[in-house]
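Spelled out from the first residue to the last, the chains are:
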Amino acid sequence: MQRRSLIKAGAACLAGIGNLSFLQEAIALGVIAPEFSRTAPELAPLQGFTGSEAFDARDLRVEGRLPAGLRGVYYRNGPGLMARGGERYKHWFDGDGLVQAWTFGGDGVQHKARFVQTKKFRAETKAGRFLLPAFGTSFADQASRLAVRAADDVNTANTSVMKMADGRLYALWEGGSAYELDAASLSAKGPRAWSDELAGMPFSAHPKVEADGTVWNFGTQSGQMVVYQISPQGQVLRSEVFAAPGPCAMVHDFAVSQRYLVFLLSPIGMDMAALRAGDSMLDSMRWLGQESTLVLVIDKADFTRRWVLETPAAMVFHFGNAWDDGAQIHLDYVEAPPLPGVNEKLRQIMAGVRPAQQTHLTSSPRFMRIRLGSEGAGASGLSRGHIELQSRDESVEFPVVDPRVVAQRYRHVYYPTAIDVGERWGFNGLMHLDIETGRRERFSFGNDVVVEEHVLVPKPGSSKEGEGWLLGLGYDCKVRRSFASVFDAQALSAGPLARVWLPYWVTYGFHGKFYAV
């Protein structure tokens, strides 16, 4: 009791902190929960929170100088709740969504974070225990918990965010509906049905938004795919539901060029017998490494015109961008290790264990050129065409481009990267790659920092690709605090212009977007 009182007294001195759990207070003061290895301090944020926290911090400490033109809100989403009632999720993708809002204004920087109050989250909060299975976690006694009747029953809204031209903000998860949030308070308003006939259809966490605000997205479910074109104001302009051309148990992202939508369907099958027997979705997936990855190309002007080509088996989570000249499609993505290796790592880090042989299982940049066949497209089957692949060997993930060049010709891609991390988990630096010249520029924070995805924020009044700032989050393992870092995107190796420190830590997230005001 004396130790707890001491921790509470110290936590009260941390400026601007809202409603924190005892676990959060403890780690804010440098106490790591005993179940997490002290030999892997970079994993501490993966302990997660209780779900009762409301984070509010004002007048955040700025190290360096923020650009005067950086005005707006950086929204970020990721898993925040990892355990309830003595049970812990087994996979990082399972945690309930925690949405953050970093507000950059003339009066300084403010931070707010709230859990997305999904139907699942509310039911489990009331019960004080997990009631529903998750992507990578199942329960042997599921029959005594809640039944899953629809995809949104297990929607964790934990992957990304999107704000439309009409001002509506959404928390995104790839298996179900987008969840609308109040853009100021971050309180949940409920799932969004884009139209009556599309209610409950999956809406992926990686919509592509062109410079004019047009939104393209997709979803996959039970061997079916759906593609959407949505206006900047949120009206469905067109949609199409069709049978997937092959195994597509896990399709996370896609690319959009001027004329086409491009998907790389990694060879992942679903063992329905295992799923019915009680295995989790993830444990029921089968990596079919002897089969090809299918390259699905869809005409943006006519969703029924589709080409399917083949390339060697590859696991792909994230794309950077794509463009085409009418004859060829050019795109970049990151190739990950095969699914079993990825999932073994993610299970280990959720248990507080640093993955073994980290340096031997990395994700790296890939570049593809697609020339479609001259015989036209069919709705199914393989079409004649040609694919060329190029690769690099840097350890990277979460590629981003300037939002002004989405679906247009581009030359700059930005990634978190691992630079001489040894056996430590996570990225510790950023990399800028000029894909026309092959020139790269990097910056490393050193091995005490874990670096997350950084987005490019265009400078007000600029029009040139890459004129802007890289903005994203990091975690300092020594001081056990999270921070936002701001770089000049055209001078990355010079280091951050500024770091904005939270008086606490937040869990690692997946994806974010910046919206200027």
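Please read all numbers here as calculations on a predicted model, not as lab measurements. (Residues numbered from 1 in each chain as written. Predicted model: local features only at pLDDT ≥ 70, side-chain atom pairs only at ≥ 80, totals over all residues. Heavy atoms only, no water.)

S.K.: So what about the overall build of the protein chain? Which residues, and what values?
M.R.: Counting its secondary structure elements, the protein chain contains 5 helices and 33 strands. In terms of overall dimensions, the protein chain is globule-like: its C-alpha atoms have a radius of gyration of 22 Å, near the 24 Å expected for 517 residues. Seen along its three principal axes, the alpha-carbon backbone of the protein chain occupies a region of about 75 × 55 × 45 Å. Put simply, the protein chain has 517 residues, and 57% of those count as buried. Sequence-distant contacts, at least 24 apart, represent 62% of the contacts inside the protein chain between residues at least 6 apart. With an accessible surface of roughly 20,200 Å², the protein chain has 50% of that area assigned to carbon and sulfur atoms. Across the protein chain, 55 positive and 55 negative side-chain charges occur, with their mean positions spaced 5 Å apart. (Helix = DSSP H or I, 4+ residues; strand = E, 2+ residues; numbered from the N terminus. Rg over C-alpha atoms; globule rule 2.2 N^0.38 Å. Buried < 20%, exposed > 50% of the residue type's maximum accessible area, 1.4 Å probe, protein only. Contact = heavy atoms within 4.5 Å. Areas by Shrake-Rupley, 256 points an atom, 1.4 Å probe, with all protein chains shown as cover. Lys, Arg positive; Asp, Glu negative; His and termini not counted. Charge placed at Lys NZ, Arg CZ, Asp CG, Glu CD.)

S.K.: Could you give an account of the environment of glycine 108, naming the residues involved and the relevant values?
M.R.: With respect to the secondary-structure elements, glycine 108 resides in strand β7 (residues 108-115). Each C-alpha atom of the pair glycine 108 and methionine 350 lies 35 Å from the other, and the pair is 242 residues apart in sequence.

S.K.: Tell me what's going on with the nonpolar core, and back it up with residues and numbers.
M.R.: Membership of the largest hydrophobic core comes to 57 residues, with the highest contact counts inside it found for Tyr74, Trp92, Trp102, Phe104, Met250, Leu471 and Phe514. Looking at this core, the element that brings in the most residues is helix α5 (residues 339-350), giving 5 residues. Filtering out sequence-adjacent residues up to four positions away, methionine 250 remains in contact with Phe93, Phe135, Glu174, Ile268, Met285, Met315, Phe317 and Leu339. Of all hydrophobic cores here, the second largest spans 31 residues; its members include Met225, Val256, Leu261 and Leu296. (Core = buried A, V, L, I, M, F, W, Y, C linked by side-chain atoms within 4.5 Å.)

S.K.: So what's going on with the sheet that holds strand β33 (residues 511-516)? Which residues, and what values?
M.R.: The 5 strands lie next to each other as β1-β7-β6-β3-β33, forming an open sheet whose pairing is antiparallel. Here the strands that pair on one side only, and so sit at the sheet edges, are β1 (55-57) and β33. Each neighbouring strand pair of the sheet contributes to a mean axis angle of 15 degrees, computed without reference to strand direction. Here 8 bridges tie strand β6 (residues 96-105) to β7, and the two strands are oriented antiparallel to one another. Looking at the pairing, glycine 105 lines up with glycine 108 of β7. (Pairing = 2+ DSSP bridges. Axes fitted to C-alpha atoms, helices over the stretch in contact; angles between N-to-C directions.)

S.K.: Pulling in residues and values, what's your account of the layout of surface pockets?
M.R.: Volume-wise, the second largest pocket comes out at about 1,200 Å³. Listed by contribution, the elements that provide at least two residues to the lining of the second largest pocket are β8 (160-163), β12 (208-209), β16 (255-256), β22 (315-324), β29 (449-458) and β33. Broken down by element, the residue count for the lining of the second largest pocket peaks at 6 residues, all from β33. Residues that form the lining of the second largest pocket fall into these classes: 31 nonpolar, 9 polar and 9 charged. (1 Å grid on protein atoms, 1.4 Å probe; cavity = no way out; pocket = protein on both sides within 12 Å on 5 of 7 lines; lining within 4 Å. Points joined across faces, edges and corners; volume = space filled by probe spheres on them. Nonpolar A, V, L, I, M, F, W, Y, C, P; charged D, E, K, R; others polar.)

S.K.: A description of the pairing of strand β3 (residues 72-81) should follow, citing residues and the corresponding values.
M.R.: Of all 10 residues in β3, 10 are buried, a share of seventy percent or more. Across 6 bridges, β3 lies against β33 in antiparallel orientation. Bridge pairing in β33 links arginine 76 to glycine 512. The pairing of β3 with β6 spans 9 bridges and is classified as antiparallel. Paired with glycine 72 across the two strands is phenylalanine 104, which belongs to β6.

S.K.: How would you summarise the sheet that holds strand β28 (residues 440-444) if you had to cite specific residues and measurements?
M.R.: The strands making up a sheet associate through hydrogen bonds between their backbones, and the pairing can be parallel or antiparallel. The antiparallel open sheet is built from 3 strands, whose spatial order is β26-β27-β28. Both outer strands of the open sheet, β26 (412-417) and β28, are each paired with one neighbouring strand and no more. The average angle at which neighbouring strand axes cross in this sheet is 15 degrees, direction not considered. Of the pairings in the sheet, the one linking strand β27 (residues 429-434) to β28 comprises 5 bridges and is antiparallel in character. What sits directly across from glycine 429, in β28, is serine 444.

S.K.: Requested: an account of unusual backbone geometry, with residues and values cited.
M.R.: Of note in the backbone geometry, alanine 407 takes a positive phi value of approximately 65 degrees without being a glycine. Along the chain, alanine 407 turns up in the loop between β25 (385-391) and β26. Residue alanine 407 is classed as buried on the basis of its relative accessible area, which comes to 0%.

S.K.: Can you break down the packing of aromatic side chains residue by residue, with the values?
M.R.: Two descriptors summarise a pair of aromatic rings, namely the distance from one centre to the other and the angle between the planes of the rings. One pass over the structure, following the stated rule, counts 28 aromatic pairs. Each ring, one from phenylalanine 55 and one from tyrosine 504, has its centre 5.4 Å from the other, and the planes form 50 degrees; the classification is tilted. With a gap of 449 residues between them, phenylalanine 55 in strand β1 and tyrosine 504 in the loop between β32 (498-501) and β33 connect regions that are remote in the sequence. Since its relative accessible area comes to 0%, phenylalanine 55 is described here as buried. Among the residues examined, tyrosine 504 registers a relative accessible area of 0% and is labelled buried. With 4.1 Å between their ring centres and 25 degrees between their planes, tyrosine 89 and phenylalanine 130 make a pair best called stacked. Placement of tyrosine 89 in the loop between β5 (87-88) and β6 and of phenylalanine 130 in the loop between α3 (119-127) and β8 is noted, with a sequence separation of 41 residues between them. (Phe/Tyr/Trp six-rings, centres within 6.5 Å; stacked < 30°, edge-to-face > 60°.)

S.K.: Could you give me a rundown of α3, with the residues and numbers involved?
M.R.: If you check which residues of α3 are buried, you get Lys120, Phe121 and Glu124. Taken end-on, α3 shows its buried residues confined to a sector of 95 degrees, consistent with a single buried face. Looking at the buried positions of α3, the neighbouring elements they touch are β3, β4 (83-84), β6 and β7. With its phi angle positive at about 75 degrees, glycine 128 sits one or two positions after the end of α3. (Arc of directions from axis to C-beta.)

S.K.: Report on the environment of alanine 68, specifying residues and quantitative values.
M.R.: Secondary-structure assignment places alanine 68 in the loop between β2 (61-64) and β3. Among the residues examined, alanine 68 registers a relative accessible area of 64% and is labelled exposed. It is 31 Å that separates the C-alpha atoms of alanine 68 and glycine 426, two residues lying 358 residues apart in sequence.

S.K.: Residue-level account of the pattern of salt bridges, with values.
M.R.: Per the counting criterion, the structure on display carries 30 salt bridges. For glutamate 87, the salt bridge is made with arginine 145, and the minimal N-O distance between the two is 2.7 Å. With glutamate 87 in strand β5 and arginine 145 in the loop between α3 and β8, this pair connects stretches of sequence that are 58 residues apart. Classification of arginine 145 as buried rests on a relative accessible area of 10%. The partner of arginine 411 in a salt bridge is aspartate 434, and the shortest N-O contact between them spans 2.6 Å. Of this pair, arginine 411 sits in the loop between β25 and β26 while aspartate 434 sits in strand β27, and the two are 23 residues apart along the sequence. The exposure class assigned to aspartate 434 is buried, which follows from its relative accessible area of 9%. A single network of salt bridges, built from pairs that share partners, joins Arg84, Asp96, Lys120 and Glu124. (Salt bridge = Lys/Arg side-chain N within 4 Å of Asp/Glu carboxyl O.)

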